[in-house]
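One letter stands for each residue in the lines below.
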Amino acid sequence: MNIAETPAKFLATDLLARFVAIVGNKNAVTDREAQAPFLTEPRDMFRGTSAVVLRPGSVGEVAEILKLANETATAIVPQGGNTGLVGGQIPQHGEIVLSLNRLDRVREVDAVSNTMTCEAGVTLLRAREAAAEVDRLYPQLLPSEGSCTIGGNLSTNAGGTAALAYGIARSHALGIEVVLPDGRVLNALNKLKKDNTGYDLKDLFIGAEGTLGVITAAVLRLIPRPRSVETAFVGVPSPQAALDLFGLASERATGNVTSFELMLRLGIELVLRHGAGCRDPLPQPHPWYVLIELSSQARSGLRAVSSKTPLSRRASIRPRRSGASAKCSAKCNATKAARSSTTSRCR
């Protein structure tokens, strides 16, 4: 359903000028054509209008904007990478857009404490790259990693393909910096993991989508970078078989199941029908499929797990190596559980 555009709310000229003065003319977008990237979402199902898109470059500017908005009862819609698909970041009623993509500094990467402090506009990809530079991993992974931002991920408590092993966005945040609706700044950028002092206020703002305050920075938890990774695409006859497969994978891989995604045959058929140059991933079709990933700090051994299950000896395995590890199929091992599954292919 496409929501009809709502005319931008009228902002008195002098009030608009006060908002613009905070960020400067260069970072206040009022031209309708220039505003377009901020007013639609990726599927073009939601469209909005706004008198101005404000692009602050500091926490102080964010604070001034919210203080003025609070004093004048002006509605604000915070926006990160604009990758959401449900329209929450779109000004559907003419609100001012507060775009945080200029707050894009990685303030610190601390390999000793396994933490990283990022501003809200840092993309997920940049955060993961910064962690990799010190041989660490920021474990959240989303398909939109090149454009979604840390502030948006925390504000929506985003999930990701590695949530099974590492949790969702809330699990990765040790502390946050947030601007409250009246313009006050709450600095809770705590790096201490063993912190039992008082209220844990950060969880009020994570997942609140900007309704209680605007997240401007966060301290993120890092983990040691895996030394080996194995992936597999497996055909199974039913969701129950997939659960059996998951149980077996968890048992044989000693808890190192990083991702486990279940999908219907229908999704594969849609890709084959509409995707150029696509082919069926397995020789025979299956009602359900599982994409599974294992990871380990050991440089070898994951691959051997696959050889311990009966099905792995009948599986069609195609290894692919990348970086520190062979991306292949330890995961096929899990297919003992899905005995009626005829084929699995690893990559």
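Rules of the game
Residues numbered from 1 in each chain as written. Predicted model: local features only at pLDDT ≥ 70, side-chain atom pairs only at ≥ 80, totals over all residues. Heavy atoms only, no water. Pairing = 2+ DSSP bridges. Helix = DSSP H or I, 4+ residues; strand = E, 2+ residues; numbered from the N terminus. Axes fitted to C-alpha atoms, helices over the stretch in contact; angles between N-to-C directions. Buried < 20%, exposed > 50% of the residue type's maximum accessible area, 1.4 Å probe, protein only. Parallel < 35°, antiparallel > 145°, perpendicular 65-115°, else oblique. Left-handed = near helix turned anticlockwise from the far one by under 90°. Contact = heavy atoms within 4.5 Å. Nonpolar A, V, L, I, M, F, W, Y, C, P; charged D, E, K, R; others polar. Lys, Arg positive; Asp, Glu negative; His and termini not counted. Salt bridge = Lys/Arg side-chain N within 4 Å of Asp/Glu carboxyl O. Polar contact = N/O pair within 3.5 Å; in protein donor to acceptor, adjacent residues only side chain to side chain.

### A look at the sheet that holds strand E9 (residues 185–188)
Thinking step 1. Strand order in the open sheet formed by five strands is E5-E6-E10-E8-E9, with antiparallel pairing between adjacent strands. Single-partner strands in this sheet number two, and they are strand E5 (106–110) and E9. This sheet shows a mean twist of 15° between the axes of neighbouring strands, independent of strand direction.
Thinking step 2. Across four bridges, strand E8 (residues 173–179) lies against E9 in antiparallel orientation.

### A short note on the pairing of E5
Thinking step 1. Relative to strand E6 (residues 115–119), E5 runs antiparallel, the two sharing four bridges. In the strand pairing of E6, Glu108 is matched with Thr117.
Thinking step 2. Hairpin geometry of E5 and E6 is characterised by an intervening segment of four residues between the two adjacent antiparallel strands and by a positive phi of about 55° at Asn114.

### Considerations on the pairing of strand E4 (residues 96–99)
Thinking step 1. The alternating pattern of E4 places Ile96 and Leu98 on one face and Val97 and Ser99 on the opposite face, and all of these are buried.
Thinking step 2. Pairing of strand E2 (residues 53–54) with E4 involves two bridges; the strand directions are parallel. Following the sheet pairing, Val53 is matched in E4 by Val97.
Thinking step 3. Both strand E3 (residues 76–79) and E4 contribute to a ladder of four bridges, which runs parallel.

### Observations regarding unusual backbone geometry
Among all residues save glycine, negative phi is the norm, and among peptide bonds the norm is trans.
Thinking step 1. Positive phi values are uncommon outside glycine, yet Asp44 reaches one of about 60°.
Thinking step 2. Locating Asp44 in the fold gives a position in the loop between helix H2 (32–39) and E2.
Thinking step 3. What makes Asp44 partly exposed here is its relative accessible area of 32%.
Thinking step 4. The phi torsion at Asn157 lies on the positive side, around 50°, for a residue other than glycine.
Thinking step 5. Along the chain, Asn157 turns up in the loop between helix H5 (150–155) and helix H6 (163–166).
Thinking step 6. Judged by relative accessible area, which is 18%, Asn157 ranks as buried.

### A look at the packing of helix H1 (residues 13–23) against helix H3 (residues 59–72)
Thinking step 1. Two elements in contact, H1 and H3, have axes separated by 9 Å at closest approach and are oriented at 165°. Our classification of the angle between H1 and H3 gives roughly antiparallel. H3 is crossed by H1, and the crossing has right-handed handedness. Here H1 contributes Leu15, Arg18, Phe19, Ile22 and Val23 to the contact with H3, which in turn contributes Glu61, Glu64, Ile65, Leu68, Ala69, Glu71 and Thr72.
Thinking step 2. The residue makeup of the contact of H1 with H3, split by class, is seven nonpolar, one polar and four charged.

### So, the sheet that holds E4
Thinking step 1. With respect to topology, four strands assemble into an open sheet ordered E1-E2-E4-E3, the strand pairing being mixed. Strands with a single pairing partner mark the edges of an open sheet, and in this sheet they are strand E1 (28–29) and E3.
Thinking step 2. Where E1 and E2 come together, two bridges link them in antiparallel fashion. Its bridge partner being in E2, Ala28 is matched across the sheet by Leu54.

### Points about the side chain of Glu61
Thinking step 1. For Glu61, the location among the structural elements is in helix H3.
Thinking step 2. Buried and without a salt bridge, Glu61 has Arg102 as its closest oppositely charged side chain, separated by 4.2 Å.
Thinking step 3. Among the polar contacts listed, one links the side chain of Glu61 to the backbone nitrogen of Gly57, at a separation of 2.7 Å.

### Regarding the pattern of salt bridges
One side chain can pair with another of opposite charge once the charged atoms of both are near each other.
Thinking step 1. The tally for this structure, following the rule as stated, stands at 15 salt bridges.
Thinking step 2. Asp110 is the partner of Lys191 in a salt bridge, and the nearest nitrogen-oxygen pair spans 2.8 Å. Taken together, the residues span a long stretch of sequence, with Lys191 in the loop between E9 and helix H8 (202–205) and Asp110 in strand E5 at a distance of 81 residues.
Thinking step 3. Taking the relative accessible area as the measure of exposure, Asp110 reaches 18% and is therefore buried.
Thinking step 4. The residue Asp200 makes a salt bridge to Lys202 at a minimum N-O spacing of 2.7 Å.
Thinking step 5. Here Asp200 falls in the partly exposed class, since its relative accessible area comes to 46%.
Thinking step 6. Note on Lys202: relative accessible area 11%, which makes it buried.
Thinking step 7. Salt bridges here are not isolated pairs; linked through shared partners, they connect Arg105, Arg107, Glu119 and Glu177.

Distances and angles like these do not, on their own, reveal function.
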